[in-house]
Amino acid sequence: MRTINFTLARLTAAAGLLLLGAAGCSSSPPAVPVDAGPVALRRLTAEQFTRNVHDVLGEHVTVPSRIDPDDRRSGLLAVGASFASVTPSGFEKYEAAAAAVAEQALDASHRDDLVLCQPTAVTTSDEACARTFIERVGRRLFRRSLTQAETDARVEIANQAANTLRDFYAGLELGLMSLLVSPEFLFRVELAESDPARPSTMRLTSISMASRLSYLLWDSSPDDELLAAGENGDLVTDNGLAAQVERMLVSPNLETGIRAIFSDLYDFKQFDDGLVRKDGALFPVYTQTLVEEAKEQTLRTIVAHLTADEDYRDLFTTRETFMTRGLGVAYRVPVATASGWEPYSFPEESPRAGLLSHISFNALHSHPGRSSATLRGKFVREVLLCQDIPTPPANIDFSIVENTQGELRTARERLEKHVSSPACSGCHTLTDPIGLALERFDAIGMLREEENGAPIDVSGELDGIAYEDAIGMGQALRDNPALGPCLVRTLFRYAVGRGPEAGEEALLESLAERFANSGYRVTELLREIVLSDGFRTTSGPRDAEPSGDGP
Amino acid sequence: MGLPLLDCFLNANGTALAQGAPLPLRFGAWMWGCGVNPARWTPDTEGAGFELPVELQALDRELATGGKLRDQVSILSGFDVRLDGRPNFPHTAGLMGTLTGSLPLQDYTVPAPTLDTIIAGEIGGSTRFRSLEMSCTGNPNQSYSYESQSVFNAPEISPIALYTRVFGPEFADPNAGPFTPDPRVMLRQSVLSAVKADRDRLLQRVGAHDKERLDQYFTSVRQLEQQLDILLSGPADLESCALAPAPGPESPGTEVGQSMATNRLMASLLSFALACDQTRVFSMMFSDRISGLRQPGSSAQHHQLTHDEALDPAVGYQPEATEFVYVSMEAWADFVERLAAIPEGDGTLLDNCLVFGHSDVSLAKAHGITGIPMMIAGTAQGALRPGVHVAGATSPTTRVGLTVQQIMGLNTESWGTRSMEATQPVSEILA
């Protein structure tokens, strides 16, 4: 029921926008001069690798979990992907994964879905059928048509292997492997060309735009229609681009894209990697299943809210969410549905509202045995408001502040000692008042009334706005002027895979203004970004990376 | 496990097989986080025969192959990381100074290649695996093995996965009867050839930075080609080589019992892998530099305790945090002991190794980077004098890294940058 409603909401919104577009208003890109930054190869993230395999070779394929870990830079895997390389052990894993994937993709019960021709004999090579397969699958995997030489090399492998192993499909497996281990698959290649209408400006080629759009909006490789638009040159024209963008924004795949954006931004991969560990004796309710559901709860909340074109800022105040019976135990609320998800609203009297009151955030930004007001506050400052918090000074005596024995029983009492020390107060006055508002949520996000027998005071202030509790803090965050512009900056970095350059600042300001004028609708922001010159143009390929060890 | 070698198979020195191929020399790094209490870890006297201090009591073990563990391990105290005005990024500066010889300008950055990758670059090419990286922290995203900021060697965190990788179906078992090369391996080589043919076309289209990244990618392709060549050449002619037994149940995580068990399982698998010459370079992260080790039921981790726990005035140290120093030294002893348990040549596998144990700080409470605790186990085929204590007298930690490189056969005359540049090896540990 819920899904249908969201789809309707999206369609209605899209129809509205088409009308606005016709009136020549909302869909024209911001008219500010842009000096865009460089492009670089972007290595597929582990999640994109898996999704590409599923999209192109079939959902039944189990992709080995041992893929080289992603590189996270400037708080985003999407930025790390522009720097990651492939080490010997990483390549060994890619090759093993390619073998496992190819075997499953072409197993006896699935080969006919993938190979759209019949070989003349299954015990020997069939060049024509192998070529058809390599050309079709290769185009989806390389995100462009293969060159003659690329195809020939793979067909030759398939033939040779088919004859050696006396098995046509075993031959195709080897041919498919050689696509899956190629740098043309593992890296997204973004190319630039001179824009004929503005010869001094470099633009992304039409086929590069296809991948850029598809990984941003869907977190996967372009589908056939988008590839065709890319290969026809449509994506370097305003109308051609707009047509594909409108199609993509109303596709169900947009949900995947939005999930990927917020999973990356909030570093939810830590849940998948099993790194959010808690002490079993102190938190017996806590299990890997619980945290995975907690992560899913937050992502579902975000996707539902944003695809319904609700105000982004209300994510931090909304009482609407989703619940499972397992989560109900940790939230101490009744859940009617025996298995699976149901929509849920935190009641008026609940101390919870907004994403920051979710179990996911509170468990992620805590230690294994205790909550951390500082980590929670640091997350809000750095990730949600784009403000830098320096690392602690090296030589400092912490012993007075966090000792839970003795007189200092609550986090507030302990952290107030930081603020009394000038070396600490600079940062802790920025982080702690935010985190202390969440102190009634323990290290796994369960509600508590006291800490070490002392009542917990959750009042505080954020940039001059005082509040009494977590709900008030959520409201102050929602109203903070830095919240919207920070998301603009983050989404831009995510889209282009690097930090903004000086020549892009004016664009970011303009995008932030337009985001506000749109009522903070994220789908509108995505549209504005992909239609802007920040997304469509570039200064060219990136120069060498600075070594980190200066003179 | 392989049978002990009969002397008649060896040359007169017992360091090589009679056919003339010398036994391989191996290098490994073993790291633990959050240091020690220097006053309780540092031996009182220099040279051999020192009394084991309280935090090194774990070395007081009898070895199954004879002798004492402490006589196989040298202690290096008093070597410093020097900042030259750069920031002391907590737990990063000391680690990077020790492992790369350079100090980062920004936190969480790697200024230069780590020691293990420098050595693997030189000696890693002739084995099936260029190097093996392992971690007892359960975190697949963290090791301290970096060729550069972008080229990071991800660790094995699961003993079962390590077993499968090294001793799975591809392993050529010398005790499994006649060897027949697998035709699929040859076909996999042709897959790699096709990928290499894509190279020139791709390189023409990218910028300088991407060219570096692609060069790294193609280096990795060549490494796998070599691996496949080695697979086709059949089992190693090494008497001590045997198929490792499959590890039992595992439990990745940072509770002390979990990390200790992982360390023992990994050490055992590694010892078989080394005896079969599957690799000559390894690194192990026992605990993160921000050590997440913890005792079950405790609200605090090792790292937190080093900062939060009050000094007990009666003893002058942090009792709870110090428990983790004992744990770390027991784990180091377990690891080295395992390598000494495999007979090889006329001695043990450990005799053909150089294992460099180190932390990221001295006293974690103060993020101290003077007197980084370091140890070396194994004689590296008689090149090193084991069982001695050397006091570095504030000389840079890079002297140890320089010594290690020279022993491992590299022509390195100086190592490190600025005042971390070292030109004098630690002669006290040379045989």
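Each chain has its residues counted from 1, following the order in which its sequence is written. Ligands are numbered from 1 and chains lettered from A, in the order in which they are written. Only residues with pLDDT of 70 or above have their local features reported here, since the model is predicted, and side-chain atom pairs are shown and tallied only from 80 upward, although totals for entire chains, interfaces and linings are computed over all residues.

Structural notes on the overall build of chain B
A run of DSSP states H or I qualifies as a helix once it reaches four residues; a run of E qualifies as a strand once it reaches two. Both are numbered from the N-terminal end. In terms of helices and strands, chain B carries 11 helices and 10 strands. Whether two residues are in contact is decided by their C-beta atoms, placed from the backbone, lying within 7 Å. Within chain B, contacts between residues separated by at least 24 positions form 69% of all contacts whose residues are at least 6 apart in sequence.

Focus on the overall build of chain A
When helices and strands are tallied, chain A shows 25 helices and 11 strands. For chain A, the C-alpha radius of gyration of 26 Å lies close to 24 Å, the compact-globule estimate for 551 residues. In terms of principal-axis extent, the alpha carbons of chain A reach across some 80 × 60 × 55 Å. Residues with at least 20 neighbouring C-beta atoms inside 10 Å of their own are called buried, those with 12 or fewer are called exposed, and the rest are partly exposed, where every C-beta is derived from the backbone. For chain A, with 551 residues in total, the buried portion stands at 52%. Restricting the contact set of chain A to residue pairs at least 6 apart, pairs at least 24 apart contribute 68%. Radius of gyration here is computed from C-alpha atoms only, and the compact-globule reference equals 2.2 Å multiplied by the residue count raised to the power 0.38.

What about the interface of chain A and chain B?
In this assembly, 64 residues from chain A lie in contact with 66 residues from chain B. Elements represented by at least two residues in the side of chain A that touches chain B include exactly α4 (88-105), α7 (148-165), α8 (168-180) and α9 (183-186) of chain A. It is α7 of chain A that contributes the most residues to the side of chain A that touches chain B, eight residues altogether.

Notes on the domain arrangement of chain B
Interface size is commonly expressed as the accessible area that is lost once the parts come together. Residues and elements named next belong to chain B. Domain delimitation follows an automatic or database domain assignment. Domain boundaries in chain B define domain 1 (7-178 + 240-429) and domain 2 (180-233). The straight-line distance from the C-alpha centre of domain 1 to that of domain 2 is 31 Å. In this assembly, eight residues from domain 1 lie in contact with eight residues from domain 2. Classification convention: Asp, Glu, Lys, Arg as charged; Ala, Val, Leu, Ile, Met, Phe, Trp, Tyr, Cys, Pro as nonpolar; all other residues, Gly among them, as polar. A class-by-class count of the residues in the side of domain 1 that touches domain 2 yields three nonpolar, two polar and three charged.

Here's the deal with the pairing of strand β4 (residues 132-135) of chain B
All names here are of chain B. Alternating positions in β4 separate into two faces, Leu132 and Met134 on one and Glu133 and Ser135 on the other, with burial throughout. Direction of pairing for β4 relative to strand β5 (residues 281-285): parallel, over a ladder of four bridges. In the sheet register, Glu133 faces β5, and the bridge partner there is Ser283. DSSP-based pairing: two strands are paired if at least 2 bridges between them are found.

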